[in-house]
Amino acid sequence: MEQVRGEQGGSSSLAPRPLSVSGWLSSSKVLRAIENVIEDVITSLSRNEAPVLILNNRSDWGNIRFKDGVGLQMTSNCTTRKIRSDCPKSAPKFALFLKILSIIYKMVQTNIYATKRDIFYTDTICFGNQRVVDNIINDISCMLKIPRRSLHILSTSKGCIAGNLSYTEEDGTKVIYTCSTMAPVPSNVEGMRNLITDAKFILIVEKDATFQRLVDDNFCSKMSPCILITGKGVPDVNTRLLVRKLWDMCHVPIFALMDADPHGIEIMCIYKYGSVSMSFEAHRLTVPAIRWLGLFPSDFERLNIPKNALIPLTKQDQSKLSSLQTRPYIGYQPRWIKELDIMAKSKMKAEIQALTFISSDYLSRVYLPNKLQFGGWI
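Below, the structure is looked at part by part. From a predicted model like this one, the values you see are computed outputs, not experimental measurements.

Points about the pattern of salt bridges
Oppositely charged side chains can form a pair if their charged atoms are brought close together.
Inference 1: All told, the structure shown has 18 salt bridges when counted by the stated rule.
Inference 2: A salt bridge links Asp-86 to Arg-84; the shortest N-O distance between them is 3.0 Å.
Inference 3: Assessed through its relative accessible area of 31%, Arg-84 is described here as partly exposed.
Inference 4: The network of salt bridges with shared partners includes Arg-32, Glu-35 and Glu-39.

Below you can see the structure in the form of structure tokens.
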């Protein structure tokens, strides 16, 4: 990845941005939203009442509806839960909510950004562990209906990207990705502008090892100009934001290359339809147009993959598969249903690496080119 400093110089990545179609809110609106919460707390105290925070149940499937063009969305009349200040079990969490709200308020006021990890390290003893901070920040974002970046909270990227793409950062830095090298997904996806690419398609790869193999095989150049992205398993928010941004800006097909197992299929569904816990931000994170390129359970027999390359489904796999078969979006994908049925009947799964039993470069030399050329996706 090449970076070239623009004429503006300096770093303006912390500069305020106006409200835009990307969902960015002005600092004054964010501050006002937090003030409304604190005012409610003060009003309750003035009435000798115990303050209560009311949160949507983000992880309840009963609060989720599926919309084909968007994905999983939180309903407007979803069930809620209360964080009470007068209950011994919930009072500590109530205090942590106010503490993090206070931190966010000061960051927005002073135009400072921080990661969730940074916030955890402001008081590790008080927070206990990182998961506590992560959950509270997501609850605050959902409660206020404000994206995390507008709360001045940055997401740490674990994903990688390679391929034909250049863009300009907010401070004027020119960033150029190439087909022969891989680079981290940028931390400020929403600040990317002037995207330029000759890519004919985008390929999401489940695992880092497969992604690296395709880069090493120079797949981007040999096949046709393209962009490779991996979230290294379950994708972080920045990787999902990037896939959505590329879909909005580049208008090229997006394919998913996953292991033929319940876990891989669920990861693909997160990119395509979203997750339950982040359903309140579905419109920013989902790409319903993603097509499943492989590996398919039907490929086991079609390609005559050796049986010793297949793996029996564990009880956990079977439970995950049963859950997938009941998801609301599966009914919209009849060919997916057939593939899931094949897996359920055979009780076998396979990693993408199983293709190396045919030949070491079968994935990049035969499997993917044939799929892309002859429309072997669903």
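Back to the write-up after that little detour.
Description of the packing of helix α9 (residues 262–273) against helix α12 (residues 315–325)
Inference 1: At a minimum axis separation of 9 Å, α9 and α12 run at an interaxial angle of 35°. Relative to α12, the crossing made by α9 is left-handed. For the pair α9 and α12, contact is made by Pro-262, His-263, Ile-265 and Glu-266 and by Asp-317, Lys-320, Leu-321 and Leu-324, respectively.
Inference 2: Residues of the contact of α9 with α12, tallied by class, amount to four nonpolar, one polar and three charged.

Some points on unusual backbone geometry
Inference 1: In this structure, the amide linkage connecting Gly-294 to the following residue, Leu-295, adopts the cis form with an omega of -10°.
Inference 2: Here His-251, not a glycine, exhibits a phi torsion of approximately 55°, which is positive.
Inference 3: Along the chain, the position of His-251 falls in the loop between α8 (237–250) and β15 (254–257).
Inference 4: On the basis of relative accessibility, which here comes to 64%, the residue His-251 falls in the exposed class.
Inference 5: Backbone geometry at Lys-347 places phi at a positive 55°, although glycine is not the residue there.
Inference 6: Taking relative accessible area as the criterion, Lys-347 reaches 47% and is therefore assigned partly exposed.

Some remarks on the pairing of strand β14 (residues 226–230)
Inference 1: In terms of burial, β14 is largely enclosed, as five of its five residues are buried.
Inference 2: Neither face of β14 is left uncovered, since the one carrying Cys-226, Leu-228 and Thr-230 and the one carrying Ile-227 and Ile-229 both have all their residues buried.
Inference 3: Strand direction decides the pairing type here: strand β8 (residues 160–163) and β14, joined by four bridges, are antiparallel. Within β14, the position partnered with Cys-160 by the bridge is Thr-230.

Parameters and conventions
- Residues numbered from 1 in each chain as written.
- Predicted model: local features only at pLDDT ≥ 70, side-chain atom pairs only at ≥ 80, totals over all residues.
- Heavy atoms only, no water.
- Salt bridge = Lys/Arg side-chain N within 4 Å of Asp/Glu carboxyl O.
- Buried < 20%, exposed > 50% of the residue type's maximum accessible area, 1.4 Å probe, protein only.
- Axes fitted to C-alpha atoms, helices over the stretch in contact; angles between N-to-C directions.
- Helix = DSSP H or I, 4+ residues; strand = E, 2+ residues; numbered from the N terminus.
- Left-handed = near helix turned anticlockwise from the far one by under 90°.
- Contact = heavy atoms within 4.5 Å.
- Nonpolar A, V, L, I, M, F, W, Y, C, P; charged D, E, K, R; others polar.
- Pairing = 2+ DSSP bridges.

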